[in-house]
Amino acid sequence: MNMKIYLSILAIVLCQFSKAQSTMEAILQSVEKNNLTLASQQQLLVARQLEYSTGITPDNPFVSADYMIGRPVSGGNQLDILATQHLDFPSVYGKKKSLASAQSVSAELELEKIRKEVLLETKLVCLELIYLRKYTIELNERVNRADSLMVRFEEKLEQDDISALDVNKIKIQLLNLRSQLRDTENKISIQSERLTTLNGGMELEVELTDFEEGADILDFETLKDSITASDAHFRSLQQNTAIYQANIELARAMRLPELEVGYHYQSVLGQTFNGGHLGVSIPLWQHKNRVQSAEAFNDYSSYEIESYTMRLYSQLRESYDQYINQKQTLQEYEEALSSINSEEILDQLLKLGDIDYITYVQELEYFHQAKNNYLLLEKEAQITRAQILKYQL
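I will try to describe carefully the structure that is included in this document.

Conventions and cut-offs
Residues numbered from 1 in each chain as written. Predicted model: local features only at pLDDT ≥ 70, side-chain atom pairs only at ≥ 80, totals over all residues. Heavy atoms only, no water. Helix = DSSP H or I, 4+ residues; strand = E, 2+ residues; numbered from the N terminus. Buried < 20%, exposed > 50% of the residue type's maximum accessible area, 1.4 Å probe, protein only. Contact = heavy atoms within 4.5 Å. Areas by Shrake-Rupley, 256 points an atom, 1.4 Å probe, with all protein chains shown as cover. Phe/Tyr/Trp six-rings, centres within 6.5 Å; stacked < 30°, edge-to-face > 60°. Lys NZ or Arg CZ within 6 Å of the ring centre and 35° of its normal. Pairing = 2+ DSSP bridges. Axes fitted to C-alpha atoms, helices over the stretch in contact; angles between N-to-C directions. Parallel < 35°, antiparallel > 145°, perpendicular 65-115°, else oblique. Left-handed = near helix turned anticlockwise from the far one by under 90°. Nonpolar A, V, L, I, M, F, W, Y, C, P; charged D, E, K, R; others polar. Patch = residues over 30% accessible without salt bridge, like charges linked within 9 Å, V, L, I, M, F, W, Y side chains within 5 Å. Salt bridge = Lys/Arg side-chain N within 4 Å of Asp/Glu carboxyl O. Lys, Arg positive; Asp, Glu negative; His and termini not counted. Charge placed at Lys NZ, Arg CZ, Asp CG, Glu CD. 1 Å grid on protein atoms, 1.4 Å probe; cavity = no way out; pocket = protein on both sides within 12 Å on 5 of 7 lines; lining within 4 Å. Points joined across faces, edges and corners; volume = space filled by probe spheres on them.

1. Quick notes on the overall build of the protein
Argument step 1. Of regular secondary structure, the protein possesses ten helices and six strands.
Argument step 2. Across the 393 residues of the protein, 36% fall into the buried class.
Argument step 3. Residue pairs at least 24 apart in sequence account for 81% of intrachain contacts in the protein once pairs closer than 6 positions are excluded.
Argument step 4. Surface exposure of the protein reaches about 23,700 Å², of which carbon and sulfur atoms provide 54%.

2. Quick word on the packing of aromatic side chains
Argument step 1. In total, this model carries three aromatic pairs according to the counting rule given.
Argument step 2. With a centroid separation of 5.7 Å and an interplanar angle of 20°, the aromatic rings of Tyr 244 and Phe 297 are classed as stacked. Taken together, the residues Tyr 244 in helix α7 (residues 232-253) and Phe 297 in helix α8 (residues 290-338) connect sequence positions 53 residues apart.
Argument step 3. On the basis of relative accessible area, Phe 297 is assigned to the partly exposed category, the value being 44%.
Argument step 4. Above the face of the Phe 220 ring, Arg 317 is positioned so that its terminal group lies 4.0 Å from the ring centre.

3. A look at the sheet that holds strand β5 (residues 259-268)
Argument step 1. If you trace the four strands from one edge of the open sheet to the other, you get β2-β3-β5-β6, paired in antiparallel fashion. Each of the sheet's edge strands pairs with one partner strand only, and the pair in question is β2 (62-68) and β6 (271-280). Averaged over all pairs of adjacent strands, the angle between their axes in this sheet comes to 15°, without regard to strand direction.
Argument step 2. Examined bridge by bridge, β2 and strand β3 (residues 78-87) share seven bridges and lie antiparallel to one another. Across the sheet, Ser 64 pairs through a bridge with Leu 82, a residue of β3.

4. Notes on the packing of α7 against α8
Argument step 1. Two elements in contact, α7 and α8, have axes separated by 8 Å at closest approach and are oriented at 165°. Overall, the two elements α7 and α8 adopt an arrangement that is roughly antiparallel. Here α7 and α8 pass one another in a crossing that is left-handed.
Argument step 2. Split by residue class, the contact of α7 with α8 holds twelve nonpolar, nine polar and four charged.

5. Looking at the environment of Leu 218
Argument step 1. Within the secondary structure, Leu 218 sits in the loop between β4 (205-206) and α6 (220-230).
Argument step 2. Taking C-alpha positions, Leu 218 is 9.8 Å from Tyr 320, a pair spaced 102 residues apart along the chain.
Argument step 3. Discounting chain neighbours no more than four positions away, the residues touching Leu 218 are Leu 223, Ser 226 and Tyr 320.

6. Points about the pairing of β5
Argument step 1. Sheet topology note: the β3/β5 ladder contains ten bridges and is antiparallel. Bridge assignment links Leu 79 to a residue of β5, and that residue is Ser 267.
Argument step 2. Pairing between β5 and β6: ten bridges, direction antiparallel. Its bridge partner lying in β6, Val 261 is registered against Leu 278.
Argument step 3. Hairpin geometry of β5 and β6 is characterised by an intervening segment of two residues between the two adjacent antiparallel strands and by a positive phi of about 50° at Leu 269.

7. Details of a negative patch on the surface
Argument step 1. Taken together, the side chains of Glu 213, Glu 332, Glu 334 and Glu 335 define an acidic patch exposed on the protein surface.
Argument step 2. Considering the arrangement of structural elements, one finds Glu 332 in helix α8.

8. Remarks on the side chain of Asp 88
Argument step 1. Along the polypeptide, Asp 88 turns up in the loop between β3 and α4 (90-158).
Argument step 2. Under the relative-accessibility criterion, Asp 88 is labelled buried at 11%.
Argument step 3. For Asp 88, the residues in contact, after removing those within four places along its chain, are Tyr 93, Lys 96 and Glu 258.

9. Some points on empty space enclosed by the protein
Argument step 1. Tallied over the full model, the rule gives two cavities of 30 Å³ or more.
Argument step 2. Estimates place the volume of the largest cavity at around 50 Å³.
Argument step 3. Arg 142, Arg 145, Ala 146, Leu 149, Gln 173, Leu 177, Tyr 360, Leu 364 and His 368 together form the lining of the largest cavity.
Argument step 4. Broken down by secondary-structure element, the contributors of at least two residues to the lining of the largest cavity are α4, α5 (164-198) and α10 (357-388).
Argument step 5. With four residues, the top contributor of residues to the lining of the largest cavity is α4.
Argument step 6. Taken as a whole, the second largest cavity spans an internal volume of roughly 30 Å³.
Argument step 7. When contributions to the lining of the second largest cavity are tallied by element, the ones reaching two or more residues are α3 (36-52) and α4.
Argument step 8. With four residues, α3 is the largest single contributor of residues to the lining of the second largest cavity.
Argument step 9. Of the residues in the lining of the second largest cavity, the class split is four nonpolar, one polar and two charged.

10. Re the packing of α6 against α8
Packed helix pairs are specified by the crossing angle of their axes together with the interaxial distance, meaning the distance between the axes.
Argument step 1. Two elements in contact, α6 and α8, have axes whose closest approach is 11 Å; the angle formed by their N-to-C orientations is 135°. Considering their axes alone, α6 and α8 lie oblique with respect to each other. Where α6 crosses over α8, the handedness of that crossing is right-handed. Residues Phe 220, Leu 223, Lys 224, Ile 227 and Thr 228 of α6 lie in contact with α8, whose contacting residues are Leu 312, Tyr 313, Leu 316, Arg 317 and Tyr 320.
Argument step 2. Looking at the contact of α6 with α8 residue by residue, the classes come out as seven nonpolar, one polar and two charged.

As far as function goes, none of this settles anything; it's purely spatial.
Below, the structure written as structure tokens:
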């Protein structure tokens, strides 16, 4: 009995451990393992690689037999048997294999591109969850402060020190704060459900309560070189060039004659004949314009790479400058917020009667708005950083 209890407790602990994740890396690893989109794309990769490796071998051998009854009977019967094998020019098979290999690599890069997109989406959901939880903590503190103020004002109302109008004002403020808190908690539920979906339908409890501090972004030129070498879509476009080059080589090889070899047996009037069969195609029309088409696609690929590179660098420059500005503004907010203590000061002034409640709320709103802006800017800086460094996922 004790052993059963021990095993049950161990199973519960292991289950909770598998659900709770305390680092971004652990969350990304879980999603990469359980995400249904990635699982389906993995199966698609297997199917595509099998498809690409189909048709690179010679055609099936062909056997035909003709049995013909002679008229008159004295003419005898005739039997013809022909076994043939169609062959492309020998170099074609090597070119087909090279093309299949290039296509297989392209399919792997496409899977890698989708993997990065899924992981980036997961990371952005986690960043949103962290922001919402930090905002929830802030709202809870504001609700608690408003609750305390409500108790104090109700006591003053009983003593006729303030009017019912002032109490109604704080009730409205408290109602607004609780409404914001419920709305934020609902958003947390929505983001948690998105994370569950990304994790293949398995609930994933995120224990992250603050943004992780990673290595700072490199200077722009170094960053540009790193992204060019690692960007999944850029590498996919480069691989398309390899495919088009392989297509050109295959198209040129297929302009060479095709061969047909085999064995021919014939029996007529008690006599038999047998020997080899050889045929050669004359490459006139079947593959017309195939080389030109492959070369045109190759030219298109070069322009596509150049166009994407320009867009990539432009977007990267924009995101990089945006991130630098966000970091600078964030630092200014941190310095300003750390040097003031508005809430406590305003509470003291209100207690002493130096300010009325309307002034208190107005001044407090300025401070709260600054903290809201800080939290939002902190999240946006993290999102910009994640999008810039998505190639590292």
